[in-house]
Structures are given as structure tokens and as C-alpha cells.
Amino acid sequence: MAPAPFTVIRGGRLLDGDAADILIEGDAIKEIGLPGLAAPEGADVIDAADMMLIPGLVNAHTHGDASLAKGLGDRLTLELLLNATPLTSERFRLEDKYLAAKLAAVEMVLSGCTACYDLFSEFPAPSPEGLAAVGRGYADVGMRAVVAPLMADRSFWQAIPGLIGSLPDALKKEVERVTAEPAEASIAACRQALKDWSFDRDRVRLALAPTIPHHCEDTFFRACRELADEFGVGIHSHVAESKVQAVVGMRKFGKTLTAHLDDLGIVGPDFTAAHAVWVDDDDIRRLADRGATVAHNPTSNLRLGVGIAKVRSMIDGGLNVGIGTDASTCSDGLNMFEAMRLANTVSRIHSPDPSDWLTAENVIDMATRGSARGLGFDGSIGALEPGFKADIVFLDLGRIQYLPLNHAARQMVFQENGSGVKHVMIDGRLIVRNRRVLTVDYAKLRDEVMRANDRLRLENEDAARLVRQLEPLVGQFCVGLAKEPYHVNRYVGA
Ligand SMILES: [Zn+2]
């Protein structure tokens, strides 16, 4: 039987604490009104008594391929995490790509996230089949996603001047064998994937992610810009995430990484700068003037010890900011409630003046409308309003975090950890009901993930040995770079 074209959610409360009914037609919100809202005869009714209805949270930055590599390391800097990349997804088969995306999607929907920007890595380069497998992972769960292949035409080793030269000869030989795929191959694969893309682009769409400015030649970035313009898709890159990147960028380009990308014509309304921790006031002004988005990832920033982005300056400068979780290897859960709360609380390290701090409302706005704009879904997701997609999270007000309910928005930001998520609706369809993902056989998924992981661990044994050998050397070299002077400081008490 075809689903009823109308659904009405009755008896819920909105974030402002008011009681409201929501009428949905197909995949979109038609009307929000007082309890008792008129609904067409035969409409499906969902009882939301004792529940708070919030817009689905939007994850502005993650890496689904890392979802099989949970627990990868402890005291890893960003550069040590990049050194460990071979242990994340380098040996993935096609079915592993599907599985990793599906696992990430399940984790996200269970914690109230209904859309994400996934910068997925394939090795040695993206492929149309691989991207389609990732897209299918999200589509099968029923989650909205922007899938952006993470690409580079220089290896991590080539990207950091002096790093290879600092290694003993035997290890030098090992890392010199690691070469990135030429830009032409990656661009051709993306073009093919964009042409062939068979998914509903309102649900799962593609974008491009040249990973880090100094990991890509200027010609590669320009080719991404041309392709993005041709197909109307976004570009997403890690910009000044760590001090090492900022220092290397200045050395290499004689200007900040943001200025470099802006001068190349990359920065525009379709551009997301991930992290933007080590950006200065001029960088913030450039990003704001071009209508770009920053994806703020506080959990990851803390975990990798890269310092904390100065988000208040970005918002005051009129720059759009979304919130992301980043990857399972550095955040570590893909939990947007955790990311929102940290975004709020870490904003307090920059100033003793509370008017400089982010508010609960600031971070809710960032995790919904702000991220939605970054994903290119501005005006269709990120709010509960007529005309918006019916992406709705039902929070259980019976949970202890809402006992008693004094201020819905604040309690959601400061107390919710995801355990209050009861149902999740995407495009008017319930994907999670009573904390169970309806679209996935979890026991089967678990079995497949464990089997893939056992196989990958065996296949990665040699790579793991090399990663561990390189770790102290890479760590030492990069910490040296991070100690060089830079005109921005994002460490406390440094
Ligand atoms: Zn990232």
C-alpha cells in the first residue's frame, strides 16, 4: 500500500517550549500550528506527547571511511593521524566502502543527525563505482548526504617540506614509494561519477574535496573549481586545521592558506573551509565576503590538539559557520549533540568576557541552518518551517536530562548526549523508531563489519608496523614546525 500523502505529528513541543502539531505532505512540512491542527482525512498520525521536536541536525564535516578504524590511536596529532592513514581505509574493497558509509550513517541517525557532508577517501583515487557504493550506503539507511571524494595529487610526505629528508634512509625509501595519483585521474573519475550519478540529488549528492591546500597543486584546485562550476556542486577543503599546516602554507605560498585559495578563485558560496583554526582576521573577512562556510569541529580540534577555532570572530564577521563531528578516528563518536555542547563551552577559552562566548542558540543555529547552507541545502533543511523537508528528530522528554523541563534549548545543548533521541524522520519517513534503525538489520551489519575488520587487520599488519616506526619521527619533525612563530595563536597558555 502506498504511504499516505499526509502525516500529522500531534502533541509535541518545539525548541521554544511551545506545544505544536506539524502537518507533513509527502516529504515536506506543510503547516505548523496549535494543538488540534486540522489534517486531511486519512492522514497518518504520529503521537509526539512528551516529546520535543527539533530539526534534524546537520553534520558539516565527517569522513565515513574512518568508521571502521575506531580506537586507532590516542596521543595523535593531526599529522600523526595522517601518517596512520594506511590503517584507515587504504585497503578497502568496494563492499567495505559501502559498509563504512552505512555504519557511519547508522551512528549519525541514532544520534539525531539527518544529513552530513562526508569527505570519503578512496585509494589511490576516487572511482565512480566507489562513490556510488558510498552513496548507496547512505541511501539504504535513508540519510541525506553530500559525498565528497577526498583527493590530493601530492602524498602527505611530499606535502611537508623537509619531512622526507629528515628520515633515515630505509624509511625514506618506504615513504618515497607512496605517491599520489595524478590530478587528471581523480578529476576524470569525479566527472564520470557526476555524469552517472543515479541517486536523487535532493537526498544524496556529490561534491569535491581537494583535501588540504598544500597537498594539491594549483592546477588541481583550478580543475576542481571548473568541475564544480560545470556541475553546480560544492568544494570542501581542510583549511589551516593545524599550526603545522599554517606554517607550511606561509612558507610555500608566502601567504595564508585562505589567501592562497581565494587568489586561486576557489573560495565562493559553494566552498566549505573545514576547521579554519589558524586563520587570521583577514582570512575571516575573505571567507565572509565570498559567502563561504566554515565547518567547525570542536571535538576533533580538542582530540588532535590543534587549538580551538575562534568562532565568535567568524560569526561577528558575518561568516556562515556549521558544526561537524569530523571522523571516528578523531572525534570520536559522530555525535552532533556532543559537538554542539563542545562548540559552546570551548568558545569560553578565548576571553573572560561572556559576551564573547557562544550561546546555546548560536550553536543550535550553526548545527542546523549553518551546516545546511554548507551542504548546499540552504532553505530546504535545518529548520522546522513550512516548505522545509520533514527532517525531524523526536527527543524523549521523559529522559532525566529534561527532568524538570525549564529551558528546552539550553537543556538540549548542555544536557542532551543523544540518549534522548527516540524517533528520527527524514523526508517525512521514520528512519528510527524507539531508538531502532528501521532501514537496517543491525545484527547483520554488525556481523559484516566485524568480518571486514578482521580481514583488514590481517591485511594491514605490514602497514601498521611501518606506521608505528614512522610515528616518533613524524611527530618530532612536525612538533618542530609547530613551534615556529606564526602571527595567530590558538593555544591556551602557550
Ligand atoms: Zn576532516
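Residues numbered from 1 in each chain as written. Predicted model: local features only at pLDDT ≥ 70, side-chain atom pairs only at ≥ 80, totals over all residues.

### A short note on the overall build of the protein chain
Moving on, step 1. Check the secondary structure of the protein chain and you find 17 helices and 18 strands.
Moving on, step 2. Projected onto the principal axes, the alpha-carbon positions of the protein chain cover approximately 75 × 50 × 40 Å.
Moving on, step 3. Classification of the 494 residues of the protein chain by burial places 53% in the buried group. (Helix = DSSP H or I, 4+ residues; strand = E, 2+ residues; numbered from the N terminus. Buried ≥ 20, exposed ≤ 12 C-beta atoms within 10 Å, placed from the backbone.)

### Describing the domain arrangement of the protein chain
Moving on, step 1. The domain boundaries assigned to the protein chain delineate domain 1 (6–54 + 388–437) and domain 2 (55–375).
Moving on, step 2. Placing a centre on the C-alpha atoms of domain 1 and another on those of domain 2 gives a separation of 31 Å.
Moving on, step 3. Counting residues at the interface gives 19 residues for domain 1, matched by 24 residues for domain 2.
Moving on, step 4. Mapped by element, the contributors of at least two residues to the side of domain 1 that touches domain 2 are β15 (392–396), α15 (408–415), β16 (421–426) and β17 (429–433).
Moving on, step 5. Among the residues making up the side of domain 1 that touches domain 2, the classes are represented as twelve nonpolar, two polar and five charged. (Domains from an automatic or database assignment. Contact = placed C-beta atoms within 7 Å. Nonpolar A, V, L, I, M, F, W, Y, C, P; charged D, E, K, R; others polar.)

### Describing the environment of D462
Moving on, step 1. As for its position among the elements, D462 is in helix α17 (residues 461–482).
Moving on, step 2. Given 9 C-beta atoms within a 10 Å radius, D462 is considered exposed.
Moving on, step 3. Taking the C-alpha atoms as reference, D462 lies 29 Å from E241; in sequence the two are 221 residues apart.

### Details of the environment of P354
Moving on, step 1. Turning to its location among the elements, P354 is positioned in the loop between α13 (336–346) and α14 (360–375).
Moving on, step 2. Exposure remark for P354: the 8 C-beta atoms within 10 Å place this residue in the exposed category.
Moving on, step 3. Sequence-wise, P354 and L150 are 204 residues apart; in three dimensions their C-alpha atoms are separated by 38 Å.

### With respect to the nonpolar core
Nonpolar side chains in soluble globular proteins tend to be buried together.
Moving on, step 1. In this structure, L53, V109, M340 and A343 are the most contacted members of the largest nonpolar core, which totals 155 residues.
Moving on, step 2. Two domains share this core, each providing at least three of its residues, namely domain 1 (6–54 + 388–437) and domain 2 (55–375).
Moving on, step 3. Those residues in contact with A343, other than ones at most four positions away along the chain, are H296, P298, V311, I323, L358, V363 and M366. (Core = buried A, V, L, I, M, F, W, Y, C linked by C-beta atoms within 7 Å.)

### Focus on the sheet that holds strand β12 (residues 271–275)
Moving on, step 1. Pairing in this open sheet of four strands is parallel, and the strands run β11-β12-β13-β14 from one edge to the other. Where the open sheet ends on each side, the last strands, each with one partner, are β11 (235–239) and β14 (320–323). Going from strand to strand, the sheet's axes swing by 30° on average, the running direction of each strand aside.
Moving on, step 2. By the bridge criterion, three bridges tie β12 to strand β13 (residues 293–296) in an arrangement that is parallel. Note on β13: the bridge partner recorded for A274 is A295. (Pairing = 2+ DSSP bridges. Axes fitted to C-alpha atoms, helices over the stretch in contact; angles between N-to-C directions.)

### Overview of the pairing of β15
Moving on, step 1. Of all five residues that make up β15, four are buried, and the element is covered over most of its length.
Moving on, step 2. Bridging between strand β5 (residues 51–55) and β15 involves five bridges; their strand directions are antiparallel. Residue M51 lies in a different strand from β15, and its bridge partner there is D396.
Moving on, step 3. Bridge analysis of β15 against β16 gives four bridges, and the strand direction is antiparallel.

### Examining unusual backbone geometry
Moving on, step 1. Geometrically, the link from S331 to D332 is a cis peptide bond, its omega value of -5° lying close to zero.
Moving on, step 2. Position of D332 relative to the elements: it lies in the loop between β14 and α13.
Moving on, step 3. Each neighbour pair has its own omega, and for L403 with P404 the value is 0°, a cis peptide bond.
Moving on, step 4. Within the element layout of this structure, P404 appears in the loop between β15 and α15.
Moving on, step 5. Within the chain, D50 stands out as a residue other than glycine whose phi angle is a positive 65°.
Moving on, step 6. Residue placement: D50 occurs in the loop between β4 (44–47) and β5.

### Structural notes on the pairing of strand β8 (residues 144–151)
Moving on, step 1. Counting buried residues in β8 gives eight out of eight residues, a clear majority hidden from the surface.
Moving on, step 2. Residues R144, V146, A148 and L150 of β8 are buried on one face, and the alternating residues A145, V147, P149 and M151, pointing to the opposite face, are buried as well.
Moving on, step 3. Note that strand β7 (residues 113–121) and β8 share seven bridges and pair parallel. Looking at β8, one finds that D118 is bridged to V147.
Moving on, step 4. Remark: the β7/helix α3 (residues 128–141)/β8 crossover connection has right-handed handedness. (Right-handed = clockwise from strand over helix to strand, strands pointing away.)

### Remarks on α14
Moving on, step 1. Counted at 1.5 Å a residue, the expected span for α14 with its 16 residues is 22 Å, and the 22 Å between its end C-alpha atoms agrees.
Moving on, step 2. At M366, α14 shows its largest bend, some 40°.
Moving on, step 3. Positive phi appears at G376, one or two residues downstream of α14, with a value of about 85°. (Expected span 1.5 Å × (residues − 1). Bend = angle between axes of the 7 residues up to and from the residue.)

### So, the environment of F120
Moving on, step 1. Counting through the fold element by element, F120 comes out in strand β7.
Moving on, step 2. C-alpha separation for the pair F120 and A100, spaced 20 residues apart in sequence, amounts to 9.7 Å.
Moving on, step 3. Excluding residues within four positions of it along the chain, F120 makes contact with H63, G64, D65, A101, V134, V147, P149 and L150.

### What about the packing of α14 against α15?
Moving on, step 1. Their axes nearest at 9 Å, the elements α14 and α15 cross at an angle of 75°. Relative to α15, α14 is oriented roughly perpendicular. Together, A360, E361, V363 and I364 of α14 and A409, R410, V413 and F414 of α15 make up the contact between the two elements.
Moving on, step 2. In terms of residue class, the contact of α14 with α15 is made up of six nonpolar, no polar and two charged. (Parallel < 35°, antiparallel > 145°, perpendicular 65-115°, else oblique.)

### Here we look at α15
Counting along an α-helix, one turn takes 3.6 residues, and residues three or four places apart therefore face a common direction.
Moving on, step 1. All buried positions along α15 are accounted for by A408, Q411, M412 and V413.
Moving on, step 2. Buried residues belonging to α15 abut β1 (6–13), β5, α13, α14 and β15.

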